[in-house]
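# A structural walkthrough
The chain contents come next:
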Amino acid sequence: METESRSEEHKEPPVETSEPDRRQTTRERGDCSEAPCGSTEEAREPSEREPESCAAEGNPAGTKCPCDPETEGGGSGWKEARKLRKTNSWKMVRFQDPSEEHDVVERDSSAESLFPDQAPKEWTSSTFEELFAAEEWQDITENRLLRKKVLESSDPSGPSPSWGQEVTVKMQCVLEDRTVVEKDSKLVFVIGEGDVNQALEECVMSMQMGEVSLLLADSQYAYGLLGREPDVPAWAPLLYQLQLLDFRDKPDPLTLPVADRIRIGNQKRERGNFHFQREEYSLAARAYSMALSVLTTRSGDGGDDGVKVDEEEEVREYRVKCLNNLAAAQLKLEQYEEALGTSRDVLTLEQNNVKALFRTGKLLSDKGEYKEAMEVLKKALKLEPTTKAIHAELSKLVRRQLGGKDVQEWSSKQAEVLGDNIAPFLVPKKKEPAGISWKFILGALLVALGSLVTSVILTARN
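Residues numbered from 1 in each chain as written. Predicted model: local features only at pLDDT ≥ 70, side-chain atom pairs only at ≥ 80, totals over all residues. Heavy atoms only, no water.

Quick look at the pattern of salt bridges now. Applying the stated criterion across every chain, the model contains 22 salt bridges. Its salt-bridge partner being Arg 144, residue Asp 139 comes within 3.2 Å of it at the nearest N-O pair. Given the relative accessible area of 36%, Asp 139 is considered partly exposed. Note on Arg 144: relative accessible area 33%, which makes it partly exposed. By sharing partners, the salt bridges in this structure join Glu 193, Asp 195, Lys 250 and Lys 268 into a single network. (Salt bridge = Lys/Arg side-chain N within 4 Å of Asp/Glu carboxyl O. Buried < 20%, exposed > 50% of the residue type's maximum accessible area, 1.4 Å probe, protein only.)

Spelled out as structure tokens, the structure:
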């Protein structure tokens, strides 16, 4: 391959989100930070636009919400009780059982406790430093950074959830100043699929049915150095109060109605967008892959009979989004062969997807397959003739084909009808004239002649 390195940075746009996700996206994060994806570049990728939900949860990011907590009335009584305060940002994805549509409701935004009969001192007033050092707490991890205290036990010999099972919990979460940042009376997630943070996954595997516990989690098991805008600061430990309501084997997605698969697939995709915005690209790629495994119209017996046309079209649309986002994550991970395959998968579903055409052409060019790369990039340019990134990549491809000799400049003038001829976009360099200018020679002769005449006149006078 030519001298340009395969490892050069592939600049990616923010991951895609969709209009229906605007209301349900990014409850896991306080939304609206595009920073992890990099600043806006002068030559951006084709069809690049800000995600409609402003970032994912996972993109993703939505509209940034105010984060000033509402405090209840002052006075010594409040200081003693340290009653829970609330923020107007209740950001967490509800991974509910999609078969129970009546349960998919808006989150309770009140500051009233979900456990009115369980309000120990540890929950209301103790400092986190005291709780991390307390002897009566159980260590879930050896480093003592994830600890729990059982408030209401059940059968100690009863079974506990295991990896890969689906659980239902009731939970609420506060910062050290007792600002409520998460609250859900029926949170459903699958252990090990990254639906929630690591603290919750680790804790539920140590609980029995009906158990009520406090969970103290260091930031590395919650939201780490980035926090979660706007309500969870960086490096913030969290205190949870939770109850294990139920656990069961994860249902086979192929046995679910297509509408439920779409809902679950979009939840996984938004989780991937959340990780992408945090530059956690491996986790993002895993979430997108899980979403793709759910977003299908195929049934358990391999057929797809009885699927409505509009459902099939919706599944195809969301698969395209997931595949494009997966390709973006793979490029960030420098998995170029995988990204090329994923981009080609997009084109099998939507042959005029400009973003996939651009990525495919760029990767083929980097791989040295110039002829195919030229065809793909020309097709992308015909669809979006004013996109600077496509012009820049075609210019780079032409230089590679010419081996760096007689390089032609790529003009940014607007395309009209491209066809198969890219000549209108190539402006040859002006050749520099060779040799010494005749004006310079004539000037030198005149100076020499003048000097000779002056010398003769002076000699005659003497």
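Taken together, the side chains of Leu 449, Leu 452, Val 453, Val 456 and Ile 457 define a hydrophobic patch exposed on the protein surface, amounting to about 460 Å² of accessible area. Mapped onto the elements, Val 456 comes out in helix α12 (residues 438-461). (Patch = residues over 30% accessible without salt bridge, like charges linked within 9 Å, V, L, I, M, F, W, Y side chains within 5 Å. Areas by Shrake-Rupley, 256 points an atom, 1.4 Å probe, with all protein chains shown as cover. Helix = DSSP H or I, 4+ residues; strand = E, 2+ residues; numbered from the N terminus.)

On to the side chain of Asn 353. Within the secondary structure, Asn 353 sits in the loop between α8 (336-349) and α9 (354-367). The buried category is assigned to Asn 353, whose relative accessible area is 9%. A polar side-chain atom of Asn 353 sits 3.4 Å from a polar atom in the side chain of Asn 324. For Asn 353, the side chain forms a polar contact with the side chain of Glu 350, separated by 3.1 Å. (Polar contact = N/O pair within 3.5 Å; in protein donor to acceptor, adjacent residues only side chain to side chain.)

Here the focus is helix α10 (residues 370-383). With 14 residues, α10 extends 20 Å between its outermost C-alpha atoms, agreeing within 8% with the 20 Å of an ideal straight helix rising 1.5 Å per residue. Along α10, the residues that are buried comprise Tyr 370, Ala 373, Met 374, Val 376, Leu 377, Lys 378, Ala 380 and Leu 381. (Expected span 1.5 Å × (residues − 1).)

A few words now on the pairing of strand β3 (residues 146-152). Summarising the sheet, strand β2 (residues 138-139) and β3 pair through two bridges and their orientation is antiparallel. Residue pairing for β3: Asp 139 is matched across the bridge by Arg 147. The antiparallel pairing of β2 with β3 creates a hairpin that spans six residues between the two strands, and Arg 144 there sits at a positive phi of about 60 degrees. With six bridges joining them, β3 and strand β6 (residues 212-217) adopt antiparallel strand pairing. Across the sheet, residue Lys 148 finds its bridge partner in β6, namely Leu 215. (Pairing = 2+ DSSP bridges.)

Overall, the predicted model of the chain reaches an average pLDDT of 75, with 67% of residues at or above 70. For the stretch residues 47-109, pLDDT sits under 50, and the model shows 210 contacts to residues farther than four places along the chain or on other chains. Note that pLDDT drops below 50 for residues 405-430; the model gives that stretch 36 contacts with residues more than four away or on any other chain. (pLDDT = per-residue confidence, 0-100. Contact = heavy atoms within 4.5 Å.)

Right, let's talk about the packing of helix α7 (residues 309-332) against α8 for a bit. Helix-helix packing is characterised by the crossing angle of the two axes and by the distance between the axes. The geometry of α7 relative to α8 is characterised by a closest axis approach of 8 Å and an angle of 160 degrees between their N-to-C directions. Between α7 and α8, the interaxial angle falls into the category roughly antiparallel. For the pair α7 and α8, the crossing hand works out as left-handed. On α8, the residues touching Arg 316, Arg 319, Val 320, Leu 323, Asn 324, Leu 326, Ala 327, Gln 330 and Leu 331 of α7 are Tyr 336, Glu 338, Ala 339, Thr 342, Ser 343, Asp 345, Val 346 and Leu 349. Of the residues assigned to the contact of α7 with α8, the class counts are nine nonpolar, four polar and four charged. (Axes fitted to C-alpha atoms, helices over the stretch in contact; angles between N-to-C directions. Parallel < 35°, antiparallel > 145°, perpendicular 65-115°, else oblique. Left-handed = near helix turned anticlockwise from the far one by under 90°. Nonpolar A, V, L, I, M, F, W, Y, C, P; charged D, E, K, R; others polar.)

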